[in-house]
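Chain by chain, the residues run as shown.
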Amino acid sequence: MNPIILLFFILLPFSGSAQKYINKKKADIKKELSQYIKDNKNINAALNETDTSLVLNIPGTTTQQATFVYFFDKQGKCRLQKTTANCDSCINKYLQEALGQDKYKWRKINENQYISSFEDKLMIETPADGKEFSFMILRTDWSRILYDMITERK
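Residues numbered from 1 in each chain as written. Predicted model: local features only at pLDDT ≥ 70, side-chain atom pairs only at ≥ 80, totals over all residues. Heavy atoms only, no water.

So, the overall build of the protein chain
Phase 1: Counting its regular elements, the protein chain contains four helices and eight strands.
Phase 2: Along the protein chain, helices and strands appear, N-terminal first, in the series α-α-β-β-β-β-α-β-β-β-β-α.
Phase 3: The buried share among the 154 residues of the protein chain stands at 41%.
Phase 4: When the accessible surface of the protein chain is totalled, it reaches about 8900 Å², and 51% of it is carbon and sulfur. (Helix = DSSP H or I, 4+ residues; strand = E, 2+ residues; numbered from the N terminus. Buried < 20%, exposed > 50% of the residue type's maximum accessible area, 1.4 Å probe, protein only. Areas by Shrake-Rupley, 256 points an atom, 1.4 Å probe, with all protein chains shown as cover.)

Some words on the packing of aromatic side chains
Phase 1: Applying the stated criterion to the full structure yields five aromatic pairs.
Phase 2: Ring geometry for Tyr21 against Tyr70: centres 5.2 Å apart, planes inclined by 90°, an arrangement best described as edge-to-face. Separated by 49 residues along the polypeptide, Tyr21 in the loop between helix H1 (3–11) and helix H2 (26–39) and Tyr70 in strand E3 (residues 66–72) bring together distant segments of the chain.
Phase 3: Look at Tyr21 and you get buried, because its relative accessible area is 6%.
Phase 4: Assessed through its relative accessible area of 4%, Tyr70 is described here as buried.
Phase 5: Ring geometry for Tyr104 versus Trp106: centroids 6.0 Å apart, planes at 40°, classification tilted. Neither Tyr104 nor Trp106 differs from the other in exposure class; each is buried.
Phase 6: Each member of the aromatic cluster is reached from another via a ring pair, and the members are Phe118, Trp142 and Tyr147.
Phase 7: Directly above the ring of Tyr94 sits Lys93, whose terminal nitrogen or CZ lies 5.0 Å from the centroid.
Phase 8: The ring of Phe118 carries the charged tip of Arg144 above its face, separated from the ring centre by 4.1 Å. (Phe/Tyr/Trp six-rings, centres within 6.5 Å; stacked < 30°, edge-to-face > 60°. Lys NZ or Arg CZ within 6 Å of the ring centre and 35° of its normal.)

Comments concerning the pairing of strand E5 (residues 107–110)
Phase 1: With three bridges connecting them, E5 and strand E6 (residues 113–115) associate as antiparallel partners. In the sheet register, Asn110 faces E6, and the bridge partner there is Gln113.
Phase 2: Hairpin geometry of E5 and E6 is characterised by an intervening segment of two residues between the two adjacent antiparallel strands. (Pairing = 2+ DSSP bridges.)

Quick look at the nonpolar core
Phase 1: Counting 28 residues, the largest nonpolar core has Ile29, Leu33, Phe68, Tyr70, Trp106, Ile124 and Phe135 as its most contacted members.
Phase 2: Elements with a minimum of two residues in this core: H2, strand E2 (53–58), E3, strand E4 (78–85), helix H3 (88–99), strand E7 (122–125) and strand E8 (134–139).
Phase 3: No other element matches H3, which puts six residues into this core.
Phase 4: Those residues in contact with Phe68 that sit more than four places away from it in its chain are Leu54, Val55, Leu56, Ile58, Gln81, Lys82, Thr83 and Tyr94.
Phase 5: Judged by nonpolar contacts, the second largest core, of 10 residues, contains Ile115, Phe118, Leu138 and Ile150. (Core = buried A, V, L, I, M, F, W, Y, C linked by side-chain atoms within 4.5 Å. Contact = heavy atoms within 4.5 Å.)

Some points on the environment of Asn44
Phase 1: Relative to the helices and strands, Asn44 resides in the loop between H2 and strand E1 (46–49).
Phase 2: Accessibility expressed as a relative area gives 56% for Asn44, which makes it exposed.
Phase 3: Between the alpha carbons of Asn44 and Asn57 there is a distance of 8.7 Å; along the sequence they are 13 residues apart.
Phase 4: With residues up to four places along the chain from it excluded, the contact list for Asn44 reads Asn57 and Pro59.

If you want it as structure tokens, here you go:
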């Protein structure tokens with residue numbers, strides 16, 4: 001791992017969230033996901049809740065299965081989304097949809113990480129080993145100096 005990225009994780013208190021749900025309250029996300037399930041009854045999606053997360057599971061067929069996990073901070077705001085699928089092309093479809101949202105100005109910083117514009121304070125991370133078909137979108141709390149150090153190297 002690049003030393004600057006390692007430093008980034010050691011020094012940076014970060015939390016994450018999904019692009020669409022960044023900083024949204026748990027109740028609001030739950031309402032939207034529940035509506036999604038109602039509007040798409042044929043996919044048999046299920047929503048499970050814990051104190052700190054919401055899990056949307058879409059069983060689908062073998063190639064369409066997906067799980068979306070939303071984690072929340074102490075203030076009840078979404079800080080991280082983890083998307084998991086069961087095939088490489090499936091997860092790449094979701095990843096490309098996330099990266100295709102131009103308003104975030106995604107930049108690849110290494111083989112498994114992307115960062116948004118400074119103002120959006122997001123990071124996408126894919127598994128370094130490539131064995132799991134997933135990615136996470138994290139809300140970060142980087143400073144301008146740290147952000148500039150990361151982007152300067154690219």
